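The lines below spell out each chain.
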Amino acid sequence: YGDNIHNMKKVLIYEYFTGGGIINEELCTSSLLSEAKIIVNSVVNEYCKSQEYQVYYFLDSRLKLDNPGKSIEIKSSEQLYDIKLLKTFDLILPILPEQNMELYSYCKFLAEQNIKTLISSPDTIKILSDKYEFSSFCLKHNIPCIPSYLSSQINAIPYDTIIEKDRHGFGCSHVKKISKKDSVKRKKMIYQPYIKGNHFSLCVYYEKQSFKLLTLNEQDIVLDNRNIKLRSLKVNVKNIHNLELYSILRKLYKSLPGLYAYVGVDIIMTRDKILVVEVNPRLTTSFTGISSTLGINLSQPKKFMKLSNINPRSQRIYLS
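The structure contained in this document is the topic of the report that follows.

Here is what the cut-offs are and how they apply
Residues numbered from 1 in each chain as written. Predicted model: local features only at pLDDT ≥ 70, side-chain atom pairs only at ≥ 80, totals over all residues. Heavy atoms only, no water. Helix = DSSP H or I, 4+ residues; strand = E, 2+ residues; numbered from the N terminus. Rg over C-alpha atoms; globule rule 2.2 N^0.38 Å. Contact = heavy atoms within 4.5 Å. Areas by Shrake-Rupley, 256 points an atom, 1.4 Å probe, with all protein chains shown as cover. Lys, Arg positive; Asp, Glu negative; His and termini not counted. Charge placed at Lys NZ, Arg CZ, Asp CG, Glu CD. Pairing = 2+ DSSP bridges. Axes fitted to C-alpha atoms, helices over the stretch in contact; angles between N-to-C directions. Buried < 20%, exposed > 50% of the residue type's maximum accessible area, 1.4 Å probe, protein only. Arc of directions from axis to C-beta. Core = buried A, V, L, I, M, F, W, Y, C linked by side-chain atoms within 4.5 Å. Expected span 1.5 Å × (residues − 1). Salt bridge = Lys/Arg side-chain N within 4 Å of Asp/Glu carboxyl O. Parallel < 35°, antiparallel > 145°, perpendicular 65-115°, else oblique. Nonpolar A, V, L, I, M, F, W, Y, C, P; charged D, E, K, R; others polar.

Glancing now at the overall build of the protein chain. Along the backbone of the protein chain there are 9 helices and 13 strands. For a compact globule of 320 residues, the expected C-alpha radius of gyration is about 20 Å, and the protein chain comes in at 20 Å, within 12% of that figure. Projected onto its principal axes, the C-alpha positions of the protein chain cover 65 × 45 × 35 Å. Considering only contacts in the protein chain between residues 6 or more positions apart, those separated by 24 or more positions represent 64%. Accessible area for the protein chain stands at about 15900 Å²; split by element, carbon and sulfur atoms hold 48% of it. For the protein chain, the centre of its 44 positive side-chain charges and the centre of its 31 negative side-chain charges are spaced 5 Å apart.

Now for the sheet that holds strand 2 (residues 53-60). Reading across the sheet, the 4 strands line up as 3-2-1-4 and stay open at both edges, with parallel pairing between neighbours. Here the strands that pair on one side only, and so sit at the sheet edges, are strand 3 (70-74) and strand 4 (91-95). Averaged over neighbouring strand pairs, the angle between their axes works out to 25 degrees when direction is ignored. In terms of strand pairing, strand 1 (residues 9-15) meets strand 2 through 5 bridges, oriented parallel. Following the sheet pairing, Val11 is matched in strand 2 by Val55. Its contacts with the sheet put helix 4 (residues 102-112) on strand 1, strand 2 and strand 4, and the angle it makes with strand 4 is roughly 165 degrees.

All of the buried residues in helix 5 (residues 122-129) are Pro122, Thr124, Ile125, Leu128 and Ser129. Down the axis of helix 5, the buried side of the element spans an arc of 155 degrees, and every buried residue falls inside it. Residues of helix 5 that are buried sit in contact with helix 4, helix 6 (131-140) and strand 12 (274-280).

Let's shift gears to the nonpolar core. In terms of nonpolar packing, the biggest core is built from 57 residues, with Leu214 and Tyr262 touching the most fellow members. Of all the elements, helix 2 (residues 31-49) adds the most residues to this core, at 7 residues. Of all hydrophobic cores here, the second largest spans 27 residues; its members include Leu128, Leu202, Leu249 and Val276.

This part is about unusual backbone geometry. At Asn100, a residue that is not glycine, the phi angle is positive and equals roughly 55 degrees. As for its placement among the helices and strands, Asn100 is situated in the loop between strand 4 and helix 4. Judged by relative accessible area, Asn100 falls into the exposed class, the value being 58%. For Asn236, which is not glycine, the phi dihedral falls at a positive 70 degrees. Structurally, the position occupied by Asn236 is in the loop between strand 10 (227-235) and helix 7 (242-255). The class of Asn236 is buried, set by a relative accessible area of 9%.

Take helix 7 next. With 14 residues, helix 7 should reach 20 Å at 1.5 Å per residue; the first-to-last C-alpha distance of 20 Å fits that figure. Listed in full, the buried residues belonging to helix 7 are Leu245, Ile248, Leu249, Leu252, Tyr253 and Ser255. Summarising the contacts, the buried residues of helix 7 are in contact with helix 6, strand 8 (198-206), strand 9 (211-224), strand 11 (261-269) and strand 12.

Let us look at the pattern of salt bridges. Applying the stated criterion across every chain yields a total of 7 salt bridges. One salt bridge in this structure joins Lys49 and Glu46, with 3.1 Å as the shortest N-O distance. Taken together, the residues Lys49 and Glu46, both in helix 2 and 3 residues apart, mark about one turn of the helix. With a relative accessible area of 52%, Lys49 lands in the exposed category. Accessibility expressed as a relative area gives 4% for Glu46, which makes it buried. Residue Arg282 is joined to Glu98 by a salt bridge in which the shortest nitrogen-to-oxygen separation is 3.0 Å. Note that Arg282 is positioned in the loop between strand 12 and helix 8 (290-294) and Glu98 in the loop between strand 4 and helix 4, a separation of 184 residues in sequence.

Our next topic: the pairing of strand 11. Buried residues dominate strand 11, accounting for 9 of its 9 residues. Pairing of strand 8 with strand 11, which is carried by 9 bridges, proceeds in the antiparallel orientation. Across the sheet, the residue bridging to Ser201 is Asp266, located in strand 11. Where strand 11 lies against strand 12, 6 bridges are found, and the strand directions are antiparallel. Note that in strand 12 the partner of Ile267 across the bridge is Val276.

Attention now goes to the environment of Glu112. Checked against the element boundaries, Glu112 lands in helix 4. As a C-alpha pair, Glu112 and Arg226 span 114 residues in sequence and 42 Å in three-dimensional space.

This part covers the packing of helix 5 against helix 6. Viewed as axis vectors pointing N to C, helix 5 and helix 6 meet at an angle of 100 degrees, and their least axial separation amounts to 5 Å. If you check the angle between helix 5 and helix 6, you find them roughly perpendicular. Contacts from Ile127, Leu128 and Ser129 in helix 5 reach Lys131, Glu133, Phe134 and Phe137 in helix 6. Grouping the amino acids of the contact of helix 5 with helix 6 by side-chain chemistry returns 4 nonpolar, 1 polar and 2 charged.

Interpretation in functional terms is not warranted from these geometric data alone.
Written as structure tokens, this is what we have:
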């Protein structure tokens, strides 16, 4: 066993909400924090189970997590940027929100220090973190998506019911269904036509030369006083749209060669088309249901990328 430890790679998981990203703010007890705990515990468990890694994770000093990894207590945000410490790891897995370009800034910092990460390139993250830029990018590359408009362009939306979103938000951080006449022009927001359809997400793993769609997940989206919220997810539902989804994922792969590792893709299916809502270049909550539904270990892409048949079980994850 002693020799085995020397052969193991050291991996560090930095999940923003539990790992000290909000160390200078009040520790919120919102659903965001409980979702973050689900993610970090699930990822740490997967990497520990593989027995190929010594698993460490940053932990906000005000929190406790119950998992088999080794925590590195964070008392100040400077520790998250300790190059000497970061360089002692073989691999860093950042799980940060796109909001305020947090994910991009941290990954850019790691890339500039030549620290090995398991995530998409900073250039790719930058495009995906700005919903307006991403929408323009999709139009340019013929990727079917929901068009986005700035507040000065609202009148160009051919519908009265529109969606207002935080331009650099993540998840449902600020997503409202409003009528065009109620919109207040705000620079930080983008506006999209409201499109009726069924909401899904895709868990995808991208490698340099290939990619694999792991699961199609059904999103249970509810309207709460004009705010759009994700209530639960059903991971790994039956997929009868494989060809169309594969075509979209291939277009993303071709036009964004910097896509790498765990990627979540949100889509909406209408009666006659599939549209991309956004792409999250990181692990998302849906990935936590993969081990139990597919019977694979997320930390072992060399194994699961070769699998052709995938186990058809489903699992529901409740978020609120």
